[in-house]
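Residues per chain, in single letters:
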Amino acid sequence: MISALLMLATVSCVGRQTSQAQQGDAPAYTERGAFSADSAFAYVKRQVDFGPRVPGTEAHRACADWLVATLHAFGADTISLSGKPVEAWDGTMLPVRNILARYNPDADARILLVAHYDTRPWADQDPDPAMRMKPIDGANDGASGVAVLLEVARNLGIERPTIGVDILLTDCEDYGVREGSDVSDSGDSWCLGTQRFVRDMPYTASTIPRYGILLDMVGGRDARFNREYFSVSSAQLPTARVWDMARKLGLADAFPMAVGGAITDDHLPLIRAGIPTTDIIENASPSTGSFNPTWHTLADNIDNIDPASLAAAGRVTLNVVYNEKP
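1. Describing the environment of Thr57
Part 1: As for its placement among the helices and strands, Thr57 is situated in the loop between helix H2 (37-49) and helix H3 (58-73).
Part 2: For Thr57, a relative accessible area of 32% gives the class partly exposed.
Part 3: Linking Thr57 and Met201, residues 144 residues apart in sequence, is a C-alpha distance of 26 Å.
Part 4: One polar contact links the side chain of Thr57 to the main-chain amide nitrogen of His60, over a distance of 3.2 Å.

2. Description of the packing of aromatic side chains
Part 1: Following the criterion strictly, the structure yields 8 aromatic pairs and no others.
Part 2: Where Tyr43 meets Phe74, the ring centres are 6.1 Å apart and the plane angle is 55 degrees; that geometry is what we call tilted. Taken together, the residues Tyr43 in helix H2 and Phe74 in the loop between H3 and strand E4 (78-82) connect sequence positions 31 residues apart. For the residue pair Tyr43 and Phe74, the accessibility class agrees, reading buried in each case.
Part 3: Consider the rings of Trp243 and Phe255, whose centres lie 5.5 Å apart with planes at 80 degrees: the pair is edge-to-face. Note that Trp243 is positioned in helix H7 (residues 236-248) and Phe255 in the loop between H7 and strand E11 (263-264), a separation of 12 residues in sequence.
Part 4: A residue is classified by how much of its surface remains accessible, and Trp243, at 1% relative accessible area, is buried.

3. Description of the sheet that holds strand E7 (residues 98-103)
Part 1: The mixed open sheet is built from 6 strands, whose spatial order is E4-E7-E9-E8-E10-E12. A strand with exactly one partner marks an edge of an open sheet, and here the two such strands are E4 and strand E12 (277-281). Taking the axes of each pair of neighbouring strands and ignoring which way they run, one obtains an average angle of 20 degrees across the sheet.
Part 2: In the sheet, strand E10 (residues 212-216) pairs with E12 via 5 bridges, with the strands oriented parallel. Within E12, the position partnered with Ile213 by the bridge is Thr278.
Part 3: Here helix H4 (residues 139-158) sits on the sheet and contacts E7, strand E8 (110-116), strand E9 (164-170) and E10; the angle it forms with E8, its principal contact strand, is near 145 degrees.
Part 4: Set on the sheet, H7 makes contact with E10 and E12; between it and E12 the angle comes to about 40 degrees.

4. So, the packing of H3 against H4
Part 1: H4 packs onto H3 with a crossing angle of 25 degrees between their chain directions and a minimal axis gap of 9 Å. With respect to each other, H3 and H4 are oriented roughly parallel. For the pair H3 and H4, the sense of crossing is left-handed. Contact residues: H3 offers Trp66, Leu67, Thr70 and Leu71, while H4 offers Val146, Leu150 and Ala153.

The rules behind the values
Residues numbered from 1 in each chain as written. Predicted model: local features only at pLDDT ≥ 70, side-chain atom pairs only at ≥ 80, totals over all residues. Heavy atoms only, no water. Helix = DSSP H or I, 4+ residues; strand = E, 2+ residues; numbered from the N terminus. Buried < 20%, exposed > 50% of the residue type's maximum accessible area, 1.4 Å probe, protein only. Polar contact = N/O pair within 3.5 Å; in protein donor to acceptor, adjacent residues only side chain to side chain. Phe/Tyr/Trp six-rings, centres within 6.5 Å; stacked < 30°, edge-to-face > 60°. Pairing = 2+ DSSP bridges. Axes fitted to C-alpha atoms, helices over the stretch in contact; angles between N-to-C directions. Contact = heavy atoms within 4.5 Å. Parallel < 35°, antiparallel > 145°, perpendicular 65-115°, else oblique. Left-handed = near helix turned anticlockwise from the far one by under 90°.

Rendered as structure tokens:
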């Protein structure tokens with residue numbers, strides 16, 4: 001994605017209460033689910049252990065197979081693979097393998113949870129110019145959001161939500177124009193898997209998700225998730241749901257109300273397709289539009305993943321799901 005403008009794991013427990021002392025005047029909230037930061041961290045590591053998941057590589061294929069098997073094990077009712085080859089900005093034909101896991105597939109009332117599982121083919125932001133053509137591990141940029149959704153899926157398999165939930169793991173998100181190339185970047189070279197998905201969405205007018213939640217780069221150390229600009233302007237409902245839930249859970253420090261940068265990410269094709277989608281992503285103010293310092297560098301590895309950040313994003317997402325009514 002592009003911008004337009006180990007500490008102890010925390011594990012939430014079923015029935016855990018957030019007190020008024022934590023939340024000021026907010027009423028006490030009983031947390032649902034048992035989101036495990038340790039498990040989410042393990043899912044990040046498992047993805048990274050495949051190697052860089054660049055579309056078309058064996059590591060990418062093997063990781064996708066593992067994701068499908070894991071979602072099956074976590075009780076998804078149906079899992080489908082979709083996508084036709086797309087042409088990247090440099091002329092490369094990329095195979096697209098979007099993974100859609102569905103819980104309560106017969107429910108008309110649905111929400112969509114999204115993360116991308118492919119990784120950047122080039123460390124084009126690395127401080128060492130000699131390293132900029134190497135692929136990245138993508139521990140944060142890719143694996144972190146997927147890991148959180150896998151742990152959400154594990155919980156949904158244990159305690160079913162009252163609505164339909166679709167988990168979409170998208171492909172070819174991070175194959176956008178390489179820094180230093182002679183190709184201008186309009187933004188359309190990113191999110192190719194999601195662009196393909198919205199052309200053939202498996203929804204009718206009555207089953208299209210009410211909204212979506214995208215998780216991207218949610219594992220950085222001490223991550224702060226400012227409200228992303230397009231999420232605030234074009235996806236008010238899910239943005240309010242997420243940041244309100246963060247306050248109920250005592251996670252306001254991780255989810256400040258400040259508006260961050262305007263990010264080209266998987267939520268934009270979904271918003272254009274009629275699914276208002278908010279982006280939980282570590283990003284700074286509009287004046288800098290900056291990401292975590294490991295972004296698109298070889299430092300985006302397992303050593304720089306913070307289980308507490310994974311837990312913050314995961315607990316909020318899981319409780320938003322559990323509090324949605326049919």
